[in-house]
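Chains, contacts and geometry: an overview
Given next are the chains, with one letter for each unit.
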Amino acid sequence: MSRLLTAPMTFAIGVILTVAVLDLPEIPAGLTPTVLASMEMSGVGHPVTGVLLNFRGYDTWLEVGVLLLAMQAVLLLQRSYDLSLLPSDPPANPVLSWFTHLLVPAMVLVAGYLLWMGTKAPGGAFQAGAILGAAGVLLRLAGYRSVAVLRGVLMRALLLMGFGLFLVVAVGVMAFGMQFFQYPGRPAGEIIFALEIAISVATGLTLAALFVGGRPARRHADGERRGSH
Amino acid sequence: MSQFLLYSLASVALFCIGLHGLIAHRHLLRKIVAMNVMASGVFLLLVSIARRNQDMVADPVPHAMVLTGIVVAVSTTAFALALARRICLETGRVSIEEEEEQGDTQ
């Protein structure tokens, strides 16, 4: 019975959304002039990076927190921070191995380049983090242990690095008399770059660990849990 | 039809297709894909709103929101896939089946 309600309900929601979209006010300037006028204060050269890491830095901080929550939930399914217990793929065929040897250093280089270019062109922390995560996934698919070599305290420290550095900066400026999350004027560019490095490494590690940790350990015949040996 | 009108109607259509797929499909993977289609619709709307005024540079604030949204969608998809694999491991099924009868817990 409830299956019959799905299509009419979806259609009704579609009608409401269409009315809302058609009702948007005519071509305003949006927030572009406000952002462009404040660009010198932000410490970076590209408006999107400035918005992401300075003006709306609070949203970015919470977004890193969401990534961390997903990682925590996946590790909860595995019941351990030690990803090395999970079954891994067998060593890959020679073509994939050779290609991985070729591609992963290039990916790390491209990630660093994107991170650097983020200050003046499209790029930045999350783009670099995505490529680092893809490098970790590629290593895992080619049969290497990839992110699973990290364990225990080192793994937790690297995962927390992005969120933690944001928190340290946001609360630390309060010790100098400024408000929560208010970047100081002149070192804003350097602070943003340090945050970007931390975010990109932490995001890349989290994305690769989400892939590695997503595969459940194999069960023994009697129901006991074991990893690969 | 103006460019913004086309993109915004397309994004509403994507959102509704994704919503319908999320509710109607029984296979877990299809639900996850439908959720991603919904997310794509929202991102398309945000980006087209950013580009509404053709005279100026595109509005950077919706761009930043889309970047945030993409990361959140990836996190959700990753956790949903891990859950789906665990469900398959524990129960051997990957679909949510309809109940055959109401049972006596009505």
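Residues numbered from 1 in each chain as written. Chains lettered and ligands numbered in written order. Predicted model: local features only at pLDDT ≥ 70, side-chain atom pairs only at ≥ 80, totals over all residues. Heavy atoms only, no water.

1. Focus: the overall build of chain A
A tally of helices and strands in chain A yields 9 helices and 0 strands. Ordered by position in the sequence, the α and β elements of chain A form the string α-α-α-α-α-α-α-α-α. Expected size for 229 residues packed as a compact globule is a radius of gyration near 17 Å; at 22 Å, chain A overshoots this value by more than 25%. In chain A, which comprises 229 residues, the share counted as buried stands at 42%. Nonlocal contacts in chain A, meaning residues at least 24 apart in sequence, comprise 73% of its contacts between residues at least 6 apart. Accessible surface for chain A amounts to roughly 12400 Å². Of this, 71% is attributable to carbon and sulfur atoms. For chain A, the centre of its 14 positive side-chain charges and the centre of its 11 negative side-chain charges are spaced 15 Å apart. (Helix = DSSP H or I, 4+ residues; strand = E, 2+ residues; numbered from the N terminus. Rg over C-alpha atoms; globule rule 2.2 N^0.38 Å. Buried < 20%, exposed > 50% of the residue type's maximum accessible area, 1.4 Å probe, protein only. Contact = heavy atoms within 4.5 Å. Areas by Shrake-Rupley, 256 points an atom, 1.4 Å probe, with all protein chains shown as cover. Lys, Arg positive; Asp, Glu negative; His and termini not counted. Charge placed at Lys NZ, Arg CZ, Asp CG, Glu CD.)

2. Focus on the pattern of salt bridges
By the definition in use, this model includes 2 salt bridges over all chains. Across the pair Asp 59 of chain A and Arg 56 of chain A runs a salt bridge whose closest N-O atoms are separated by 2.9 Å. Taking the relative accessible area as the measure of exposure, Asp 59 of chain A reaches 26% and is therefore partly exposed. The residue Glu 90 of chain B makes a salt bridge to Arg 86 of chain B at a minimum N-O spacing of 2.8 Å. With a gap of 4 residues between them, Glu 90 of chain B and Arg 86 of chain B both fall in helix H3 (residues 60-91), about one helical turn apart. With relative accessibility at 12%, the residue Arg 86 of chain B sits in the buried group. (Salt bridge = Lys/Arg side-chain N within 4 Å of Asp/Glu carboxyl O.)

3. As for the interface of chain B and chain A
Contacts between chain B and chain A engage 39 residues on the former and 44 residues on the latter. Interface area, chain B with chain A, both sides summed: about 3600 Å², of which 74% is carbon and sulfur. Considering only the side of chain B, the residues that lose the most area to chain A are Arg 52, Pro 60 and Arg 86 of chain B, jointly responsible for 16% of the buried surface there. At the boundary of chain B with chain A, the tally comes to 0 salt bridges. Counting across the interface, chain B meets chain A through 2 residue pairs in polar contact (both at pLDDT 80 or more). (Buried area = accessible area lost by both parts, 1.4 Å probe. Polar contact = N/O pair within 3.5 Å; in protein donor to acceptor, adjacent residues only side chain to side chain.)

4. A look at a nonpolar patch on the surface
Residue and element names in this part refer to chain A. A grouping of Tyr 58, Leu 62, Leu 167, Val 171, Met 174 and Phe 180 is seen on the molecular surface, where their side chains present a nonpolar patch of about 530 Å² in accessible area. Among the elements of the structure, helix H5 (57-78) and helix H8 (152-172) are those that each provide at least two residues to the nonpolar patch. By the secondary structure assignment, Leu 62 is in helix H5. Look at Leu 62 and you get partly exposed, because its relative accessible area is 39%. (Patch = residues over 30% accessible without salt bridge, like charges linked within 9 Å, V, L, I, M, F, W, Y side chains within 5 Å.)

5. A closer look at the confidence of the model for chain A
On average, residues of chain A score 84 in pLDDT, and 93% of them are at 70 or above. Note that residues 220-229 of chain A has pLDDT below 50 and, in this model, 16 contacts with residues that lie over four places away or in other chains. (pLDDT = per-residue confidence, 0-100.)

6. Brief notes about the nonpolar core
One finds Leu 83, Met 155, Leu 159, Phe 166, Tyr 183, Ile 199 and Leu 210 of chain A to be the most contacted residues of the largest nonpolar core, which totals 47 residues. Those elements that provide at least two residues to this core are helix H4 (47-55), H5, helix H7 (125-141), H8 and helix H9 (188-213) of chain A together with H3 of chain B. Beyond its immediate chain neighbours, meaning those up to four positions away, Phe 166 of chain A contacts Leu 53, Gly 57, Thr 60, Trp 61, Phe 181, Tyr 183, Leu 195 and Ile 199 of chain A. (Core = buried A, V, L, I, M, F, W, Y, C linked by side-chain atoms within 4.5 Å.)

7. Brief notes about helix H1 (residues 3-24) of chain B
The α-helix advances 3.6 residues per turn, and as a result positions three or four apart in sequence lie on the same side. The terminal C-alpha atoms of H1 of chain B, which comprises 22 residues, lie 31 Å apart, in line with the 32 Å expected from a rise of 1.5 Å per residue. Every buried residue belonging to H1 of chain B is among Phe 4, Ser 8, Ser 11, Val 12, Cys 16, Gly 18, Leu 19 and Gly 21 of chain B, and all of these are buried. Buried residues along H1 of chain B sit in contact with helix H1 (2-22) of chain A together with helix H2 (28-50) of chain B. (Expected span 1.5 Å × (residues − 1).)

8. Overview of H2 of chain B
All names here are of chain B. The end-to-end C-alpha distance of H2, which contains 23 residues, comes to 34 Å, matching closely the 33 Å that a straight helix rising 1.5 Å per residue would cover. Among the residues of H2, Leu 28, Lys 31, Ile 32, Ala 34, Met 38, Ala 39, Gly 41, Phe 43, Ser 48 and Ala 50 are the ones counted as buried. Those residues of H2 that are buried lie in contact with H1 and H3.

9. Here's the deal with the packing of H8 of chain A against H9 of chain A
Residue and element names in this part refer to chain A. Here H8 crosses H9 at 145°, and the two axes come no closer than 8 Å. For the pair H8 and H9, the sense of crossing is left-handed. Facing Met 155, Leu 158, Leu 159, Met 161, Gly 162, Leu 165, Phe 166 and Val 169 of H8, the residues of H9 in contact are Ile 191, Ala 194, Leu 195, Ala 198, Ile 199, Val 201, Ala 202, Leu 205, Thr 206 and Ala 209. Of the residues in the contact of H8 with H9, the class split is 16 nonpolar, 2 polar and no charged. (Axes fitted to C-alpha atoms, helices over the stretch in contact; angles between N-to-C directions. Left-handed = near helix turned anticlockwise from the far one by under 90°. Nonpolar A, V, L, I, M, F, W, Y, C, P; charged D, E, K, R; others polar.)

10. Describing the environment of Leu 115 of chain A
Residues and elements named next belong to chain A. Within the secondary structure, Leu 115 is located in helix H6 (residues 94-117). When the C-alpha positions of Leu 115 and Leu 75 are compared, they lie 28 Å apart, and in sequence the two are 40 residues distant. Residue contacts for Leu 115: discarding those within four places in its chain leaves Gly 124, Ala 125, Ala 128, Phe 193, Glu 196, Ile 197 and Ser 200.

11. Observations regarding the packing of aromatic side chains
Evaluation of the coordinates by the stated rule reveals 5 aromatic pairs over all chains. On the basis of an interplanar angle of 40° and a centroid distance of 6.4 Å, the ring pair of Trp 98 of chain A and Phe 99 of chain A is categorised as tilted. Here the aromatic residues Tyr 58, Trp 61, Phe 163 and Phe 180 of chain A are joined through ring pairs into a cluster of three or more. Over the face of the ring belonging to Phe 4 of chain B we find Arg 52 of chain B, whose NZ or CZ atom lies 5.2 Å from the ring centre. (Phe/Tyr/Trp six-rings, centres within 6.5 Å; stacked < 30°, edge-to-face > 60°. Lys NZ or Arg CZ within 6 Å of the ring centre and 35° of its normal.)

12. With respect to the side chain of Glu 63 of chain A
Structurally, the position occupied by Glu 63 of chain A is in helix H5. Put simply, Glu 63 of chain A is tucked away with no salt bridge, and the nearest opposite charge, on Arg 56 of chain A, sits 10 Å away. Sequence-distant contacts of Glu 63 of chain A, that is, excluding residues within four places in its chain, are made with Phe 126 of chain A together with Leu 67, Thr 68 and Val 71 of chain B.

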